[in-house]
Amino acid sequence: MKKFLLVSIISLLFSCNSSAQKSKAESNTQYPVNKTDTEWKKELSPEQYYVLREAGTERPFSSHLNKNETKGTYHCAACNIALFKSEHKFDSGTGWPSFDRTIAGNVAFGSDNKLGYSRDEEHCANCGGHLGHVFNDGPRKTTGKRHCINGVALKFIPAE
């Protein structure tokens, strides 16, 4: 019985996918815009690289885009694809730019377990850059979603 228990525990340990294995597998996804780490480091600021390429998070309330109320479009800071429209932006009080919806097809989703629980991660569908996370506590009158996005991952293009 002890041998069976020991074999079962060892099998369980070796058969589980860790979050590190998952991250490695997800990093092998091919995107239309595909660059080396060296190329990304040349094009992005250190903070942008940390957020977009290493799935980091900027400090809350640090982005000037958090309180931006100008009409326009929010693009990926890495590849310039349009991600969010200003009319879908709202003040969530969290300290990060928040939107109730994305521009269809330009944002991709995955899972993030870095904090010990699962969150829905968002990344650019064009270059794979990490944007932030989506939660189900957004405006109930629209989509009910809160796309909580790192401002440093975005580039704002004002409407003409």
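Residues numbered from 1 in each chain as written. Predicted model: local features only at pLDDT ≥ 70, side-chain atom pairs only at ≥ 80, totals over all residues. Heavy atoms only, no water.

### Structural notes on the side chain of arginine 146
Along the chain, arginine 146 turns up in strand E8 (residues 146-149). Contacts of arginine 146, omitting those with residues within four sequence positions, involve Phe90, Ser92, Thr94, Ser98, Phe99, His133, Val134, Phe135, Asp137 and Gly138. (Helix = DSSP H or I, 4+ residues; strand = E, 2+ residues; numbered from the N terminus. Contact = heavy atoms within 4.5 Å.)

### Observations concerning the environment of tyrosine 50
Here tyrosine 50 lies in helix H4 (residues 46-54). In this structure, the C-alpha to C-alpha distance between tyrosine 50 and alanine 153, residues 103 residues apart in sequence, is 9.7 Å. Contact partners of tyrosine 50, with chain neighbours within four places excluded, come to Ala55, Gly56 and Thr57.

### Observations regarding the pattern of salt bridges
On inspection of all chains with the given rule, the structure shows four salt bridges. For the salt bridge of lysine 67 with aspartate 91, the shortest nitrogen-to-oxygen distance reads 3.1 Å. Taken together, the positions of lysine 67 in the loop between H4 and strand E1 (72-76) and aspartate 91 in the loop between strand E3 (89-90) and strand E4 (98-99) put the pair 24 residues apart, joining distant regions of the chain. In terms of burial, lysine 67 and aspartate 91 fall into one category: exposed. (Salt bridge = Lys/Arg side-chain N within 4 Å of Asp/Glu carboxyl O. Buried < 20%, exposed > 50% of the residue type's maximum accessible area, 1.4 Å probe, protein only.)

### Quick notes on the sheet that holds strand E9 (residues 154-158)
Strand order across the open sheet formed by three strands is E2-E1-E9, with antiparallel pairing between neighbours. Two strands bound the open sheet, and with one partner strand each, they are strand E2 (82-85) and E9. Taking the axes of each pair of neighbouring strands and ignoring which way they run, one obtains an average angle of 30° across the sheet. Sheet analysis places E1 next to E9, joined by five bridges and oriented antiparallel. (Pairing = 2+ DSSP bridges. Axes fitted to C-alpha atoms, helices over the stretch in contact; angles between N-to-C directions.)

### Observations regarding the packing of aromatic side chains
On inspection of all chains with the given rule, the structure shows three aromatic pairs. Each ring, one from tyrosine 74 and one from phenylalanine 99, has its centre 5.0 Å from the other, and the planes form 70°; the classification is edge-to-face. Placement of tyrosine 74 in strand E1 and of phenylalanine 99 in strand E4 is noted, with a sequence separation of 25 residues between them. Taking the centre distance of 4.3 Å and the plane angle of 15° together, the rings of phenylalanine 84 and phenylalanine 99 count as stacked. Separated by 15 residues along the polypeptide, phenylalanine 84 in strand E2 and phenylalanine 99 in strand E4 bring together distant segments of the chain. (Phe/Tyr/Trp six-rings, centres within 6.5 Å; stacked < 30°, edge-to-face > 60°.)

### Topic: H4
Along H4, the residues that are buried comprise Gln48, Tyr49, Val51 and Leu52. Considering only its buried residues, H4 is in contact with helix H3 (37-43), E1 and strand E7 (130-135). Taken from the residues just after H4, alanine 55 is the one with a positive phi, measuring 60°.

### What about the pairing of E1?
In terms of burial, E1 is largely enclosed, as four of its five residues are buried. Of the pairings in the sheet, the one linking E1 to E2 comprises three bridges and is antiparallel in character. What sits directly across from threonine 73, in E2, is lysine 85.

### A closer look at the nonpolar core
Leu52, Cys76, Leu83, Phe84 and Leu154 are the most contacted members of the largest nonpolar core, which totals 24 residues. When residues of this core are assigned to their parent elements, the largest contribution, three residues, is made by H4. (Core = buried A, V, L, I, M, F, W, Y, C linked by side-chain atoms within 4.5 Å.)

### Concerning the environment of threonine 102
In this structure, threonine 102 sits in the loop between E4 and strand E5 (107-112). On the accessibility criterion, threonine 102 (22% relative accessible area) is partly exposed. Taking the C-alpha atoms as reference points, threonine 102 and histidine 88, separated by 14 residues in sequence, lie 8.1 Å from one another. Those residues within four positions of threonine 102 in sequence are excluded, and the remaining contacts are Leu83, Phe84, Val107, Phe109, Glu122 and His147.

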